[in-house]
Amino acid sequence: MQVVLDSLPNEIITTTQWRRDYSRFDEGVGTPRNIQNGRAIRVAYIDQMANNFQMTFGQFDSAADAMAHYEKIKGIREGIEDENSIEDFPKPHVLGRGLYGSVALFVMDEFFLEILMERAPGTSANPTVAIARQALAVLDAAREQ
């Protein structure tokens, strides 16, 4: 997880500019309490209009543990769309949209990734897919090390 953390950029550019929100968590990184059988980090970003999102990267003890967590989180998120809806994303994945934001969930072997966009609808274009591509690239690079 340290390799992932070290690889995350301080700014992410989509239709807006997102910067790391180091104030949101102690030392700029959160530790999710709902991760069992592994370890995880949660990192927050904010844009100029105070919209924000967070990414949770988890590495579990096994692929089965990662899949169980993916299924659990998928079950509690509202507005989930079709699974495996984007051809070039790793499978399985889901994208969801609700009244207060959107979510993207991924599982790859023993790794789990969640992107939770906490924004009011209509305040900006939905950048979840673009951010997911960047987060997946960071995770892929870290997995190769």
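No experiment lies behind these values; they were computed from the predicted model shown.

### What to know about the overall build of the protein chain
Looking only at helices and strands, one finds 3 helices and 7 strands in the protein chain. When the helices and strands of the protein chain are listed from N to C terminus, the series reads α-β-β-β-β-α-β-β-β-α. Relative to the 2.2 N^0.38 estimate, which gives 15 Å for 145 residues, the radius of gyration of the protein chain is 14 Å and therefore close to what a compact globule would have. Projected onto the principal axes, the alpha-carbon positions of the protein chain cover approximately 40 × 35 × 30 Å. A burial count over the protein chain gives 49% of its 145 residues as buried. Here the analysis covers contacts within the protein chain between residues at least 6 apart in sequence; of these, 53% occur between residues at least 24 apart.

### Remarks on the pairing of strand E6 (residues 101-108)
Among the 8 residues in E6, 8 count as buried, and that is most of the element. Residues of E6 alternate between two faces, with Gly 101, Val 103, Leu 105 and Val 107 on one and Ser 102, Ala 104, Phe 106 and Met 108 on the opposite face, all of them buried. Between strand E5 (residues 93-98) and E6, which pair antiparallel one after the other, the connecting turn spans 2 residues. Looking at chain direction, E6 and strand E7 (residues 111-118) are connected through 8 bridges and run antiparallel. Counted as the bridge partner of Met 108 is Phe 111 from E7. The loop that links E6 with its antiparallel partner E7 comprises 2 residues; one of these, Asp 109, has a positive phi angle of about 55 degrees.

### A word on the pattern of salt bridges
A full pass over the atoms with the stated rule returns 6 salt bridges. Across the pair Arg 143 and Asp 109 runs a salt bridge, and its minimum N-O distance is 2.6 Å. Placement of Arg 143 in helix H3 (residues 128-144) and of Asp 109 in the loop between E6 and E7 is noted, with a sequence separation of 34 residues between them. Connected via shared salt-bridge partners are Glu 71, Lys 74 and Glu 83.

Calculation rules
- Residues numbered from 1 in each chain as written.
- Predicted model: local features only at pLDDT ≥ 70, side-chain atom pairs only at ≥ 80, totals over all residues.
- Heavy atoms only, no water.
- Helix = DSSP H or I, 4+ residues; strand = E, 2+ residues; numbered from the N terminus.
- Rg over C-alpha atoms; globule rule 2.2 N^0.38 Å.
- Buried < 20%, exposed > 50% of the residue type's maximum accessible area, 1.4 Å probe, protein only.
- Contact = heavy atoms within 4.5 Å.
- Pairing = 2+ DSSP bridges.
- Salt bridge = Lys/Arg side-chain N within 4 Å of Asp/Glu carboxyl O.

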